[in-house]
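Observations on chain architecture
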Amino acid sequence: MPPSRTIVHFDLDAFFVEVEILSRPDLRGKPLIVGGSRERGVVTTCSYEARKYGVHSAMPMKRAVQLCPQALILPGSRGEYSKYSRWVTDIISAKAPLFEKASIDEFYLDLTGMDRFFKPFEWTVALREEIMVKTGLPISFGMATSKMVAKMATNEAKPNGYLQIPPGKEAAFLAPLKIDKIPGVGEHTASLLKDMGLRLIRDIAEYPPALLEQRLGNYGLELSEKSRGMHMGSEVAPYHEAKSVSTENTFGENTDDMDFLMRELVRMTEKIASELRKDNKMAGCLSVKIRYPDFETTQRQTSIPYSFYDDELIPVAKDLFHKLYRKGMKVRLLGVRLSELTGEAKQTNLFSDAEKKSVLYQAIDGVRYRFGKKSLTKGGALGGK
Ligand SMILES: [Mg+2]
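Let me begin by describing the structure that accompanies this report. Here the structure is a predicted model, which is why all the values come from computation and not from measurement. (Residues numbered from 1 in each chain as written. Predicted model: local features only at pLDDT ≥ 70, side-chain atom pairs only at ≥ 80, totals over all residues. Heavy atoms only, no water.)

**Thoughts on the coordination of the magnesium ion**
Where we set the bar: Donor selection uses N, O and S atoms within 2.8 Å of the metal (3.2 Å for Na, K and Ca). Since no water is included, sites may look incomplete. Only DSSP runs of H or I with at least four residues qualify as helices, and only runs of E with at least two residues qualify as strands; both kinds are numbered from the N terminus onward. The cut-offs for exposure are 20% and 50% of the maximum accessible area for each residue type, with area from a 1.4 Å probe on protein chains only; residues under the lower value are buried, those over the upper are exposed, and the others partly exposed.
Distances from the magnesium ion to its protein donors, Asp11 (OD), Leu12 (O) and Asp105 (OD), fall within 2.1 to 2.4 Å. Read in sequence order, the donor residues for the magnesium ion give the motif D-L-x92-D. Within this pair, whereas Leu12 is found in strand 1 (residues 7–12), its partner Asp105 is found in the loop between strand 5 (99–103) and strand 6 (106–110), the two being separated by 93 residues in sequence. Across the pair, Asp105 and Leu12 agree in class, each one buried.

So, in structure tokens, the structure goes:
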């Protein structure tokens, strides 16, 4: 048996709400919902005071307002969230040997083998303290032998707490929890299992794996492993600032044709933005590169609110280009790069028109996929002026 791993899952508590409270302390203790308007959109996140009324994230705003009419609805300040997310990332990155940024407010750390150098649990408690003191944001963590159990430990520790599940204690920790606490088990699977008489994770653990397989296929076997804390899942994927998508183009002929250069810039930005959307990732940094005929190369980058939308990225690319470009010079090569990528782009819920926009982009990506890259590369239709 391989030595057991030491995995930490960090999750900022009600992240968007807490960022709002930093600039408006009078909101503390009140039921708050960050999301669209009262009439439309979904709840991005809400304060624990609102959760008491049954409000939860991804719930339609209409329903949330019915449950908690006195809640204050905040539209959200995306730039601020990105800023604080980066700050927490920087603090973790300075200390942790290996970490993954799973989303804007969630991190996995792999501390396996670090007990030779420090006590992983005490070290993590100190790191949590540092994050809270520096940023003013509450954060919870779970420590366990796999990402799944660590994440579930965090969920049990919330709000504002931490929980360690020692090696060998996974099954005992999981046993009394409800089935839908297993990450990835949605309403559909939960009700299917309920029909089989299974309600708690213990019930799955004690159920014959072969019968679970009969009902749910491979997923049944996976659930069986998960219920006993035996499912090791994926590794902690190292986070690199440099992780990026980029494209560049050396022109057949050096050119100073501004219309052409702008069209190219738009085309390239759309291309890499669509790659991001395909991977469900967002970028926190955009850079533009220009090479002149004498091979002199200049590059400039800027931090942006996390995004994977053409109409948000194109104006930034154009702005950078104009800041960078030396008037009258011919250009030999043009490049665009998106970096500081973060996974799980769920924070897009934040826009009140997020769904509409997301459907629109799905359509665009679909057309691109079916008819090739040439078919939709104007950018104009999406406000990429
Ligand atoms: Mg969170």
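**A look at the environment of Glu80**
With respect to the helices and strands, Glu80 occurs in helix 4 (residues 78–95). Linking Glu80 and Phe16, residues 64 residues apart in sequence, is a C-alpha distance of 8.9 Å.

**Considerations on the nonpolar core**
Note the following rule: Working definition of a nonpolar core: buried Ala, Val, Leu, Ile, Met, Phe, Trp, Tyr and Cys residues. They are joined through side-chain atoms within 4.5 Å. Start and end points for every domain follow an automatic or database-based domain assignment. Only heavy atoms matter for contacts: two residues are in contact if any of them lie within 4.5 Å across the pair.
Counting residues in each nonpolar core, the largest one holds 64 residues, and the members touching the most others are Phe10, Ile92, Leu109 and Leu286. In terms of residues, this core owes the most to one element, helix 12 (residues 258–279), which gives 7 residues. Split by domain, this core shows at least three residues from each of two domains, domain 1 (1–167) and domain 3 (244–382). Contacts of Phe10, omitting those with residues within four sequence positions, involve Ile92, Asp105, Glu106, Phe107, Leu109, Thr124, Leu127, Arg128, Ile131, Ile139, Ser140 and Phe141. The next biggest cluster of nonpolar side chains, apart from the first, holds 26 residues, and it includes Met148, Met152, Ala153 and Leu212.

**Points about the environment of Leu111**
Among the structural elements, Leu111 can be located in the loop between strand 6 and helix 5 (120–135). In this structure the C-alpha to C-alpha distance between Leu111 and Pro97, which are 14 residues apart in sequence, comes to 7.3 Å. If we skip the residues at most four places from it in the chain, Leu111 touches Thr6, Val8, Pro97, Pro120, Trp123, Thr124 and Met143.

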